[in-house]
Amino acid sequence: MANSDQEHEKEVCRFRALLAARDSEVAELQGQLQHFTMVCTMEEKEQLQTEIQTWQTLYLELKERCRPFQEQLEQYEIDRRALMSEKTVAESEMEKLGHDYAHLLGHQNHKQKIHHVQKLKDENFQLKQEVTKLRSQVEKHKQQMKKTRLGSLGVAGRPCSAMKENIQPFGSQEKT
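Everything numeric here is computed off the predicted structure, so don't read it as measured data.

Okay, the overall build of the protein chain next. Helix and strand counts for the protein chain come out as 4 helices and 0 strands. Going residue by residue from the N terminus, the α and β elements of the protein chain occur as α-α-α-α. Looking at the protein chain as a whole, 9% of its 176 residues qualify as buried. Excluding contacts between residues fewer than 6 apart, the proportion of contacts in the protein chain whose partners are at least 24 apart in sequence is 70%. Roughly 15,200 Å² of accessible area belongs to the protein chain as shown, and the carbon and sulfur atoms make up 59% of that amount.

In structure tokens:
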């Protein structure tokens, strides 16, 4: 117990020393800041303001140029999710078909059962594909609606021309 108290006291002393060192660094930096503030003239301040404005303008232009690429990345993400969903459905369907096939091998009168079961499997698989495709389309439409809303606002109240070019009308979606 006494050993841990000693260690604790050592840690406290060490932290106090670090705190004192940091306080002196802060005081020194504040002194330097005051010195630089006094040295900086109005002309230098104006020059710095101009440079700041230039950099802000360049940043906004770069951001505007990157917007179509960001939208494309978002679209790729939607497509990736749709493909992953389709993959999951296909894997589960394969597993189910494997179990069903193993189950059917044990029956005596195959032909009637196999044809009926195969028709059910095909219909089930087609319905699952259709559901996956419709979910993907719903996700794409949601993204387009979001882009349309954001595009109609634009920068400083003006519609963004890149948004107008990239958005397809609702009814002209490609059917896959």
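Don't stop here, the text continues.
As a further point, take the packing of aromatic side chains. A full pass over the atoms with the stated rule returns 0 aromatic pairs. A cation sits over an aromatic face here: Arg14 above Phe15, 4.8 Å from the ring centre.

Counting across every chain of the model gives 8 salt bridges. A salt bridge links Glu25 to Arg22; the shortest N-O distance between them is 3.1 Å. In this pair, Glu25 and Arg22 both sit in helix 1 (residues 2-39), 3 residues apart, roughly one turn of the helix. Glu25 sits in the partly exposed class, given a relative accessible area of 39%. The salt bridge partner of Glu64 is Arg67, with a shortest N-O separation of 3.2 Å. Of this pair, Glu64 and Arg67 are both found in helix 2 (residues 42-105), 3 residues apart, which corresponds to roughly one turn of the helix. In this structure Arg67 comes out as partly exposed when scored by relative accessible area, which is 26%. Salt bridges sharing partners connect three or more residues here, namely Glu77, Arg80 and Arg81.

The predicted coordinates ought not to be read in detail in places where the model reports low pLDDT. Residue-level pLDDT values for the protein chain average 79, and 77% of them are 70 or greater. The weakest mean pLDDT in the protein chain belongs to helix 4 (residues 161-166) at 50; the strongest belongs to helix 2 at 86.

Below, the discussion takes up the environment of Glu74. Along the chain, Glu74 falls in helix 2. Here the alpha-carbon distance between Glu74 and Gln143, two residues 69 residues apart in the chain, equals 8.4 Å. Those residues in contact with Glu74, other than ones at most four positions away along the chain, are Gln143 and Lys147.

Along the chain, Thr132 falls in helix 3 (residues 110-153). The class for Thr132 is buried, based on a relative accessible area of 5%. Setting aside anything within four residues of it in sequence, one finds Thr132 in contact with Ala82, Ser85, Glu86 and Val89.

Moving on, we get to the environment of Ala82. Within the secondary structure layout, Ala82 lies in helix 2. With relative accessibility at 12%, the residue Ala82 sits in the buried group. Each C-alpha atom, one on Ala82 and one on Ser136, is 5.5 Å from the other, the two residues being 54 residues apart in sequence. In contact with Ala82, not counting residues within four places along its chain, are Thr132 and Ser136.

The rules we used
- Sequence positions are assigned chain by chain, starting from 1 and proceeding in written order.
- Two thresholds apply to this predicted model, a pLDDT of at least 70 for residue-level local features and 80 or more for giving and counting side-chain atom pairs, whereas whole-chain, interface and lining totals are computed over all residues.
- Side-chain numbers come from the whole structure's heavy atoms, not from hydrogens or water.
- In this description a helix means any DSSP run of H or I spanning at least four residues, a strand means any run of E spanning at least two, and both kinds are numbered starting from the N terminus.
- When accessible area is computed with a 1.4 Å probe and restricted to protein chains, residues below 20% of their type maximum are described as buried, those above 50% as exposed, and intermediate ones as partly exposed.
- Note on definitions: a residue-residue contact is assigned when non-hydrogen atoms from the two residues lie within 4.5 Å.
- Only the protein chains shown count as cover for residues, and the accessible areas themselves come from Shrake-Rupley with a 1.4 Å probe.
- Here a Phe, Tyr or Trp ring, Trp counted by its six-membered ring, pairs with any other such ring whose centre lies within 6.5 Å, and the pair is stacked when the planes are under 30 degrees apart, edge-to-face when over 60, and tilted otherwise.
- We count a charge as sitting over a ring when the NZ of a lysine or the CZ of an arginine lies within 6 Å of the ring centre and within 35 degrees of the ring normal.
- Throughout this description, the term salt bridge denotes a Lys or Arg side-chain nitrogen within 4 Å of a carboxyl oxygen of Asp or Glu.
- Confidence scores here are pLDDT values: one per residue, from the predictor, ranging 0 to 100.

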